[in-house]
Amino acid sequence: EYVILNGDLIERSEAKVDIEDRGYQFGDGVYEVIRVYNGKMFTADEHLERLLESGRKIELDIPYSVGQLKQMLAEMIKRNNLELGIVYMQFSRGTSPRNHAYPGADVAPVLTAYTRETSRPVESMRNGVKAILIEDIRWLRCDIKSLNLLGNIMAKQKAAQSGCFEAIQHRGDTVTEGSSSNIAIVKDGTLYTHPATNLILNGITRRKINEICRENGVALEESAFTKDDLLDADEVFMSSTSAEITPITEIEGKPIGNGSSGPITNKLQNLFEEAIEKECGS
Ligand code: PMP
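Everything quoted here is computed from the prediction, not taken from an experiment.

Scoring rules and cut-offs
Residues numbered from 1 in each chain as written. Predicted model: local features only at pLDDT ≥ 70, side-chain atom pairs only at ≥ 80, totals over all residues. Heavy atoms only, no water. Salt bridge = Lys/Arg side-chain N within 4 Å of Asp/Glu carboxyl O. Helix = DSSP H or I, 4+ residues; strand = E, 2+ residues; numbered from the N terminus. Near = heavy atom within 4 Å. Polar contact = N/O pair within 3.5 Å; in protein donor to acceptor, adjacent residues only side chain to side chain. Areas by Shrake-Rupley, 256 points an atom, 1.4 Å probe, with all protein chains shown as cover. Domains from an automatic or database assignment. Contact = heavy atoms within 4.5 Å. Buried area = accessible area lost by both parts, 1.4 Å probe.

Participant: Could you give me a rundown of the pattern of salt bridges, with the residues and numbers involved?
Facilitator: For the coordinates displayed, the defined rule picks out 20 salt bridges. Note that Arg50 and Glu32 form a salt bridge whose closest N and O atoms lie 2.7 Å from each other. Note that Arg50 is positioned in helix α2 (residues 44-57) and Glu32 in strand β3 (residues 29-37), a separation of 18 residues in sequence. With a closest N to O distance of 3.7 Å, Asp234 and Lys187 form a salt bridge.

Participant: Describe in detail the site of the ligand, supporting the description with residues and values.
Facilitator: The environment of the ligand is formed by 17 residues, the closest being Lys145, Glu177, Ile204, Thr205 and Thr241. Taking Ile204, its main chain carries an N or O atom lying 2.8 Å from an oxygen atom of the ligand. Thr205 places a polar side-chain atom, nitrogen or oxygen, 2.6 Å from an oxygen atom of the ligand. For the ligand, the protein covers 92% of the area, taking 390 Å² as the surface of the free molecule.

Participant: Summarise the domain arrangement of the chain; cite the residues concerned and give the values.
Facilitator: Each assigned domain of the chain is listed here: domain 1 (2-117) and domain 2 (122-280). Once you take the C-alpha centre of each, domain 1 and domain 2 turn out to be 26 Å apart. Facing the 27 residues of domain 1 at the interface are 22 residues of domain 2. Of the roughly 2,100 Å² buried between domain 1 and domain 2 on both sides combined, carbon and sulfur atoms contribute 59%. It is Tyr31, Phe42 and Arg50 that lose the most area in domain 1 upon contact with domain 2, and together they represent 33% of the buried surface on that side. In this assembly, domain 1 and domain 2 are joined by two salt bridges. Salt-bridge contacts for Lys57 lead to Asp143; the nearest nitrogen and oxygen are separated by 2.9 Å. In this assembly, domain 1 and domain 2 are joined by twelve residue pairs in polar contact (both at pLDDT 80 or more). If you list the elements that add at least two residues to the side of domain 1 that touches domain 2, you get α1 (22-26), β3, β4 (40-41), α2 and β5 (85-92). In terms of residue count, β3 provides more of the side of domain 1 that touches domain 2 than any other element does, eight residues in total.

Structure below.
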């Protein structure tokens with residue numbers, strides 16, 4: 001199995017990073033996860049543009065273009081014979097003696113990437129999952145896809161301990177996003193999703209869904225909604241690269257709507273499936 005270390009495709013067992021890598025010590029870096037269907041990356045441009053943008057937001061200079069990154073990843077996918085799964089890619093700010101302030105321009109970022117085989121979450125996409133509600137204790141730059149995920153993993157762990165799949169975070173009354181997903185609700189035929197501000201990661205799946213809504217006459221409002229709106233919604237779903245569109249059918253032990261996946265969620269799932277087929281179909 002091959003991985004990427006700083007532009008080179010090498011055996012995984014040969015890939016080593018330094019103990020003073022800033023990603024390891026400070027969580028100082030940015031990352032992306034891209035799905036692979038039929039051996040082809042889905043929405044790769046969008047993901048890689050966002051990666052470069054996350055880098056710019058923390059003044060981490062990524063010395064590659066989207067095209068170069070895409071080509072590197074495509075080679076790794078091919079070499080590993082990956083048909084269905086994900087690629088993970090991250091840039092840390094590099095290796096230098098531990099010091100909070102950034103190192104000088106002579107220190108290059110460290111790039112690592114690997115592939116993983118994973119199936120699509122067919123069962124949960126059909127039957128839905130349970131979620132808990134949890135206060136969003138993260139920082140105020142959730143728009144950056146940073147390696148610092150403590151707030152997210154603590155929320156996810158709480159969900160797991162409660163026998164749930166996702167933790168839906170809220171700041172006071174306002175619902176922000178899941179621990180590793182965006183959240184949308186449907187009420188009286190309109191889809192509501194938190195606007196793309198500093199309080200959420202603007203998911204690539206979320207953007208695709210919004211585009212699908214606009215093109216297919218599904219009423220869409222990118223406006224914040226409350227915990228009460230959430231619990232009172234007709235349909236709720238989470239979206240992410242790995243979960244795609246997964247219905248949330250129970251929150252804090254209470255069923256959403258009639259407790260099963262709803263018609264708008266199903267419609268969006270079908271249209272999303274078409275988008276995958278269009279871009280990655282064999
Ligand atoms: N919000 C957070 C906090 C996430 O970790 C993710 C998953 N990367 C998302 C939203 C969804 O983003 P995407 O659709 O680009 O995977």
